[in-house]
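Below are the chains, spelled out letter by letter.
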Protein chains: 2
Amino acid sequence: MAEEVILLDFWPSPFGMRARIALREKGVEFDMREEDLSNKSPLLSKMNPVNKQIPVLVHNGKPVCESLLMVQYIDETWVRESPLLPSDPYERARARFWADYVDKKIYPVGRKVWQSRGEAQEAAKKEYIECLKVLEGELGDKAYFGGERFGYVDVSLIPFYSWFYGLETTANFSIVEECPKLVAWAKRCMQRESVAKSLPDQRKLYDFLLARIKKLQAQ
Amino acid sequence: MAEEVILLDFWPSPFGMRARIALREKGVEFDMREEDLSNKSPLLSKMNPVNKQIPVLVHNGKPVCESLLMVQYIDETWVRESPLLPSDPYERARARFWADYVDKKIYPVGRKVWQSRGEAQEAAKKEYIECLKVLEGELGDKAYFGGERFGYVDVSLIPFYSWFYGLETTANFSIVEECPKLVAWAKRCMQRESVAKSLPDQRKLYDFLLARIKKLQAQ
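Because the structure is predicted, anything quoted here is derived from the model rather than measured. (Residues numbered from 1 in each chain as written. Chains lettered and ligands numbered in written order. Predicted model: local features only at pLDDT ≥ 70, side-chain atom pairs only at ≥ 80, totals over all residues. Heavy atoms only, no water.)

*Asks:* So what exactly am I meant to see when it comes to the UniProt feature "domain: GST N-terminal" (unreviewed entry) in chain A here?
*Replies:* Look at the UniProt record and you will see "domain: GST N-terminal" (unreviewed entry) annotated at residues 3-82 of chain A. Within residues 3-82 of chain A, the helical portion is 36% and the strand portion 21%, while the C-alpha atoms at the span's ends are 19 Å from each other. (UniProt positions renumbered as here; feature names shortened; annotations may be inferred. Helix = DSSP H or I, 4+ residues; strand = E, 2+ residues; numbered from the N terminus.)

Next comes the structure, spelled out in structure tokens:
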């Protein structure tokens, strides 16, 4: 049977980027459908009735929601190419822990950085760097989070790299000065075709972020 | 090698209950160590340095954190007894989605119910019932969330049943009237030894909750 793989997505979404990278790592052809979040498609509401959020992976008509679950699904479905999760249950639990940490910290704290001002923003920037340093500590001197091979934690975190320039420029701080090893890891990931093709240009994301900030300030 | 399984836990924690149930489903002997959350043990700080939160499963000296990851680890490590996650990748993604929904909704909204007052509490009660109804819709007429067999979503949700009486009594509303099928499912789960042994008495939890509410109001 011919596979039908559709990704309901929105280009600046780090969660959508995870699915794009995982599919490309596996060599799966997919149809990326850009959603207008102010006017969501009937297909999105049908495929994710609980949250009505992107991304949604629709595989042969069946929806998979939540980006980390999607990456696990992709890994378990297209098993032959590029395994993303470790095969050992303990290592798998560790990888899931760090991906969960990215969800619980990097996304919400990054949001605080660009949505706040003054003292609140200074605190958010400090917290953001602290969280990145925790991840940098876990990375250590390894090439990737899982060791020599690009895997699940890398897929989970690398999309946020595309937001770094926008955050640094709008909030006036330097991630590369604080976390040089993590930035070196990010550049290593960017050399992979799956990543380079899936992450938008940092300057395009900066423009997007600037427009969001202006809209927020006008409210 | 003799297995050493330690669970760093706190008796009212629904997250700790998940690990207890999963271990008992698998017939794994474990040493449950009660933590004093106002004076956490050095072992807890060592085993979960990132969050310093219970529960932590320590298996032969190695820590696994985050309750849902713990249940998956238990399922993948002691594979022979009572499989908890479905074997099909799509069904597995669905089960993970609903367990994630429990984490994102039932816990934080339940917390809003007992921590708020007046109009905010009315809104929280309404939201809590709505979330339970979404889960009841997913359960449908099945015996368990996965069908005929007790599994991952059941393990994830059933601990919150032990809080129902406390929530209903302190916030003055009836879950059983609104969600009779879900309560019938909970009673079905309670007939399992793994669940009955792992959930504290609802009245003991009510006393615990009342003390927490009084402390909150005194602040």
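Now that the structure is up, let's keep going.
*Asks:* Mind showing me how you'd approach the nonpolar core here?
*Replies:* In terms of nonpolar packing, the biggest core is built from 156 residues, with Tyr128(A), Trp185(A), Tyr128(B) and Trp185(B) touching the most fellow members. Dropping the residues within four chain positions of it, Trp185(A) is found in contact with Leu139(A), Ala143(A), Tyr144(A), Phe145(A), Asp154(A), Leu157(A) and Ile158(A). (Core = buried A, V, L, I, M, F, W, Y, C linked by side-chain atoms within 4.5 Å. Buried < 20%, exposed > 50% of the residue type's maximum accessible area, 1.4 Å probe, protein only. Contact = heavy atoms within 4.5 Å.)

*Asks:* Can you walk me through the UniProt feature "domain: GST C-terminal" (unreviewed entry) in chain A in this structure?
*Replies:* When the UniProt feature table is mapped to this numbering, "domain: GST C-terminal" (unreviewed entry) covers residues 88-208 of chain A. Between the end C-alpha atoms of residues 88-208 of chain A the distance is 40 Å, and the span holds 76% helix and 0% strand.

*Asks:* What is the right way to read the relation of the copies chain B and chain A from this model?
*Replies:* Copies of the same chain, two in number, are related to each other by a rotation about an axis and a translation along it. Rotating chain B by 180° about the axis while translating it 0.0 Å along that axis superimposes it on chain A, leaving an RMSD of 0.0 Å. This pairing of chains is accounted for by a two-fold axis. (Least-squares fit on C-alpha atoms with pLDDT ≥ 70 in both.)

*Asks:* Which parts of the structure should I look at to understand the confidence of the model for chain A?
*Replies:* A low pLDDT means the predicted coordinates there should not be read in detail. In this model, chain A carries a mean pLDDT of 96, and residues with pLDDT of at least 70 account for 100%. Interface confidence in the predicted complex, given as ipTM, is 0.95; pTM for the same model is 0.96. (pLDDT = per-residue confidence, 0-100.)

*Asks:* Could you clarify how one ought to interpret the interface of chain B and chain A in this entry?
*Replies:* Often the size quoted for an interface is simply the accessible area lost on bringing the parts together. Counting residues at the interface gives 22 residues for chain B and 22 residues for chain A. Of the roughly 2100 Å² buried where chain B meets chain A, counting both sides, 65% is carbon and sulfur surface. Looking at the side of chain B facing chain A, the largest losses of area belong to Tyr90(B), Arg96(B) and Phe97(B), adding up to 29% of the total buried there. Put simply, chain B and chain A have 6 salt bridges between them. Note that Lys104(B) is salt-bridged to Glu66(A), the shortest N-O span being 2.9 Å. (Buried area = accessible area lost by both parts, 1.4 Å probe. Salt bridge = Lys/Arg side-chain N within 4 Å of Asp/Glu carboxyl O.)

*Asks:* Teacher, can you tell me more about the pattern of salt bridges here?
*Replies:* Side-chain pairs of opposite charge can arise where the charged atoms are in close proximity. The final tally for this structure, using the stated rule, is 33 salt bridges over all chains. Note that Arg20(B) and Asp9(B) form a salt bridge whose closest N and O atoms lie 2.6 Å from each other. Residue Arg20(B) is located in helix H1 (residues 14-25), and its partner Asp9(B) is located in strand S1 (residues 5-9); the two are separated by 11 residues in the primary sequence. For the pair shown, Arg20(B) and Asp9(B) are each scored as buried. Across the pair Lys112(B) and Glu127(B) runs a salt bridge whose closest N-O atoms are separated by 2.8 Å. Placement of the pair is Lys112(B) in helix H4 (residues 89-115) and Glu127(B) in helix H5 (residues 118-139), with a sequence separation of 15 residues. Owing to a relative accessible area of 42%, Lys112(B) belongs among the partly exposed residues under this scheme. The partly exposed category is assigned to Glu127(B), whose relative accessible area is 24%. A network of salt bridges, in which partner residues are shared, links Glu66(A), Asp100(B) and Lys104(B).

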